[in-house]
Amino acid sequence: MTLTLHAVAAGSVLPRLKGLSTVLAKASVHCREHGLAEQTILGDRLAADMFDLTRQVQIATDHTKSMLYRVTGQDVPSLPDTETSFAELQARIEKAKALFEAVDADAVNARTGVEFEVKFPWATMSFTGASYLLQFGLPNFYFHVATAYDIVRKNDVKIGKSDFLGA
């Protein structure tokens, strides 16, 4: 069996999206059971200079939808950052997952060594398909998913490592 770039991406992203969805569902139940406004957890952050839970989920899903589109040279679809509830964040996760799954695996694998540039507000960076996915897309995705998990856990929601892993 050959390990492909698409297989690495799908095997990393899809289970973590399932885990992120589970973590948010448990946070929503926790709010209801404890009489907390959803914004109590959605607006929380690990440190004053970090983004809140809502923004962490938005950025994680931005990386979900953008990584394969960038690797294949396609325009990245837009998902406006308008979510204000757990239900809306769950819907965003599903949209990002559908966009991720819509990218053809062969198109991703064909671009493993192809060079391209990504323009950010602060810099233009050069990548190959493999270097973008392995050194930028996936690490950023994992950072924001883990931070979202940590914010929820910090709020005494009963979640564990298996929830993060999407088991």
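Scroll up to find the structure.
Within every chain, residues take consecutive numbers counted from 1 along the sequence as written. With pLDDT at 70 or above as the cut-off, local features in this predicted model cover only qualifying residues; side-chain atom pairs require 80 or more to be listed or tallied, and sums for whole chains, interfaces and linings still use all residues. Side-chain measures were taken over the full set of non-hydrogen atoms in the model, leaving aside hydrogen atoms and water.

*Asks:* It is not clear to me how the layout of surface pockets should be interpreted in this structure. Could you clarify?
*Replies:* Here a cavity denotes grid points, spaced 1 Å and computed from the protein atoms alone, that fit a 1.4 Å probe unable to get out, and a pocket denotes an open set having protein on both sides within 12 Å along at least 5 of 7 lines; residues with an atom within 4 Å of a point are the lining. Grid points are joined across faces, edges and corners, and a volume is the space filled by probe spheres set on the points. Each pocket or cavity is described by its volume, and for the largest pocket that value is around 260 Å³. For the largest pocket, the full set of lining residues is Asp-62, His-63, Lys-65, Ser-66, Arg-70, Val-76, Lys-119, Phe-120, Pro-121, Trp-122, Phe-136 and Asn-140. In DSSP terms, a helix is any run of H or I states spanning at least four residues, a strand is any run of E spanning at least two, and both are numbered starting from the N terminus. Those elements giving two or more residues to the lining of the largest pocket turn out to be α3 (53-71) and α6 (129-154). Polarity classes work like this: nonpolar for Ala, Val, Leu, Ile, Met, Phe, Trp, Tyr, Cys and Pro, charged for Asp, Glu, Lys and Arg, and polar for all others, with Gly in that last group. Looking at side-chain class alone, the lining of the largest pocket contains 5 nonpolar, 3 polar and 4 charged residues.

*Asks:* How should the packing of aromatic side chains be read in this particular structure?
*Replies:* Two aromatic rings, taken as a pair, are described by how far apart their centres are and by the angle between their planes. Two rings from Phe, Tyr or Trp (for Trp, the six-membered ring) form a pair when their centres are within 6.5 Å of each other. A pair whose planes differ by under 30 degrees is stacked, one over 60 is edge-to-face, and the rest are tilted. Applying the stated criterion across every chain, the model contains 9 aromatic pairs. Note on Phe-127 and Tyr-132: the rings are 5.1 Å apart at their centroids and 85 degrees apart in plane angle, and the pair reads as edge-to-face. Classification of Phe-127 by relative accessible area gives buried; the value is 8%. When accessible area is computed with a 1.4 Å probe and restricted to protein chains, residues below 20% of their type maximum are described as buried, those above 50% as exposed, and intermediate ones as partly exposed. By relative accessible area, which is 0% here, Tyr-132 ends up buried. Members of the aromatic cluster, joined through ring pairs, are Phe-116, Phe-120, Trp-122, Phe-127, Tyr-132 and Phe-136. We call a charge positioned over a ring when the NZ of a Lys or the CZ of an Arg lies within 6 Å of the ring centre and within 35 degrees of the ring normal. Arg-55 extends its terminal NZ or CZ atom over the ring of Phe-51, reaching a point 5.6 Å from the ring centre.

*Asks:* When you look at the packing of α3 against helix α4 (residues 86-102) in this model, what are you seeing that I'm missing?
*Replies:* Relative placement of two packed helices is described by the angle separating their axes and the distance separating the axes. Two elements in contact, α3 and α4, have axes whose closest approach is 8 Å; the angle formed by their N-to-C orientations is 10 degrees. As far as their axial angle goes, α4 and α3 are roughly parallel. Across the interface between the two elements, Leu-53, Thr-54, Val-57, Gln-58, Thr-61, Asp-62, Thr-64, Lys-65, Met-67, Leu-68 and Tyr-69 from α3 touch Phe-86, Leu-89, Arg-92, Ile-93, Ala-96, Lys-97, Leu-99, Phe-100 and Ala-102 from α4. Taken together, the residues that form the contact of α3 with α4 break down as 12 nonpolar, 4 polar and 4 charged. Between N-to-C directions, angles cover 0 to 180 degrees, with each direction set by a line fitted to C-alpha atoms, over the stretch in contact for helices. Every angle not falling under 35 degrees, over 145, or within 65 to 115 is termed oblique; those three ranges are roughly parallel, roughly antiparallel and roughly perpendicular. Note on contacts: a residue pair is in contact if any heavy atoms of the two residues lie within 4.5 Å.

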